[in-house]
Amino acid sequence: MLLRKNIPITYIFGKIKQELLFVVLYSVGVVVLYQNFHVTRISIPIAVPALLGTIISLLLAFRSNQAYDRWWEARILWGAIVNDSRSLARQIMSFVDSPYASEEVEAFKSKFIKRQIAWCYALSQSLRGYSSSKGLDRYLSADEFAYIKKQNNVTMALLELHAMDLKKALQEGWINKYQQIEIDKTLNALCNHMGGCERIKKTIFPVTYSKYIHMSIFLFIMMLPFGLIEYFGFMEIPVVVSISVFFLLVEKMAVHLQDPFESKPTDTPTTTICRTIEKDLCQMLADDKLFEDKAHVDMAPVGSYYIL
């Protein structure tokens, strides 16, 4: 995500600098033909590009809404992950208990909750295409870390370890079957949230739809100077550039929002959300030292910004 509130103009127009250069050169060429070489028959009625621009505006509005829906769904899923992670830790801290093996129970709680922190980071890293197991040795025991390193789906393997420990707690009498069912419901919810994120990640926005809109925008831009040259003369250049910039930026915004897990400045801030989860769960464990160590946090720089 973008960490700065004030986004500079250079960053905004840097996304369309090649297209912008083409528009400037193209509109200048049309003006030169019309003014210097008196090629007056190149003008067309302004109604033609106006009608095409109206149609493209409707298509862009639909495109932007669909892209934003994907981005917002991703944020909702990660908001639910925050809530269910807190609920899982609270259930483990309050349900699991034994008067005969207090030290073993406390170690069990700590291991379970730290594993949940690891699960959040593993999911974040896998969605962004990074190594899912990177940095998880801080939260997992040596045996657990060795186990997940052998698995293709690290997040699923961590949920399996959750389930195995839940079964052990029931067998040891640390929880009853009703508590086991409630904790298992939370694990199922986390699994559903993971599946929702993977669905967004792996469902590609229709390429043909994006291409058709992109081609339509450039057809509109190429027709626009011919519709304005008769009315504006040399002033047609800034007018064409201004209108073109609007259409190009809206299209670029939709392209960025449609993939919320692609390590772009506009993506869902999963690392920041994981840090929030880690902070809250460490508070439950009264383990501030674990949270204060920020060496494991990956921040991918994008110009003067960082993706969290």
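What you are looking at is a predicted structure, and each value in this text was computed from that prediction instead of being measured.

Scoring rules and cut-offs
- Residues numbered from 1 in each chain as written.
- Predicted model: local features only at pLDDT ≥ 70, side-chain atom pairs only at ≥ 80, totals over all residues.
- Heavy atoms only, no water.
- Helix = DSSP H or I, 4+ residues; strand = E, 2+ residues; numbered from the N terminus.
- UniProt positions renumbered as here; feature names shortened; annotations may be inferred.
- Axes fitted to C-alpha atoms, helices over the stretch in contact; angles between N-to-C directions.
- Parallel < 35°, antiparallel > 145°, perpendicular 65-115°, else oblique.
- Contact = heavy atoms within 4.5 Å.
- Nonpolar A, V, L, I, M, F, W, Y, C, P; charged D, E, K, R; others polar.
- 1 Å grid on protein atoms, 1.4 Å probe; cavity = no way out; pocket = protein on both sides within 12 Å on 5 of 7 lines; lining within 4 Å.
- Points joined across faces, edges and corners; volume = space filled by probe spheres on them.
- Salt bridge = Lys/Arg side-chain N within 4 Å of Asp/Glu carboxyl O.
- Buried < 20%, exposed > 50% of the residue type's maximum accessible area, 1.4 Å probe, protein only.

1. Observations regarding the environment of R199
Here is step 1: Secondary-structure assignment places R199 in helix 7 (residues 177-202).
Here is step 2: Residues R199 and A74, spaced 125 residues apart in sequence, show a C-alpha to C-alpha distance of 9.9 Å.

2. Brief notes about the UniProt feature "transmembrane region" (unreviewed entry) in the protein chain
Here is step 1: When the UniProt feature table is mapped to this numbering, "transmembrane region" (unreviewed entry) covers residues 20-37, 43-62, 209-226 and 232-250.
Here is step 2: Span residues 43-62 is 80% helix and 0% strand, its end C-alpha atoms 31 Å apart.
Here is step 3: Along residues 232-250 one finds 84% helix and 0% strand; the C-alpha atoms at either end are 25 Å apart.

3. Observations regarding the packing of helix 6 (residues 154-172) against helix 7
Here is step 1: Viewed as axis vectors pointing N to C, helix 6 and helix 7 meet at an angle of 175°, and their least axial separation amounts to 10 Å. It follows that helix 6 is roughly antiparallel to helix 7 by the angle criterion. Within the contact between the two elements, helix 6 uses T155, M156, L159, H162, A163, L166 and L170 and helix 7 uses K177, Q180, I183, D184, L187, C191 and M194.
Here is step 2: A class-by-class count of the residues in the contact of helix 6 with helix 7 yields nine nonpolar, three polar and two charged.

4. Looking at the layout of surface pockets
Here is step 1: Its volume calculated, the largest pocket comes out at about 230 Å³.
Here is step 2: Considering the residues around the largest pocket, the lining is formed by 13 residues, among which R63, S210, H214, E251 and V255 are closest to the centre.
Here is step 3: Mapped onto the lining of the largest pocket, the elements with two or more residues apiece are helix 8 (207-232) and helix 9 (236-257).
Here is step 4: For the lining of the largest pocket, the per-class residue count stands at five nonpolar, three polar and five charged.

5. Notes on the pattern of salt bridges
Here is step 1: As enumerated under the stated definition, the model contains 13 salt bridges in all.
Here is step 2: A salt bridge links E19 to K252, with the shortest nitrogen-to-oxygen separation between them at 3.9 Å. A residue pair is termed long-range when its members are at least 10 positions apart, and E19 in helix 2 (residues 17-35) and K252 in helix 9 qualify at 233 residues.
Here is step 3: Take K252: its relative accessible area is 24%, and that puts it in the partly exposed class.
Here is step 4: Three or more residues are tied together by salt bridges with common partners; here these are K111, R115, E144 and D165.

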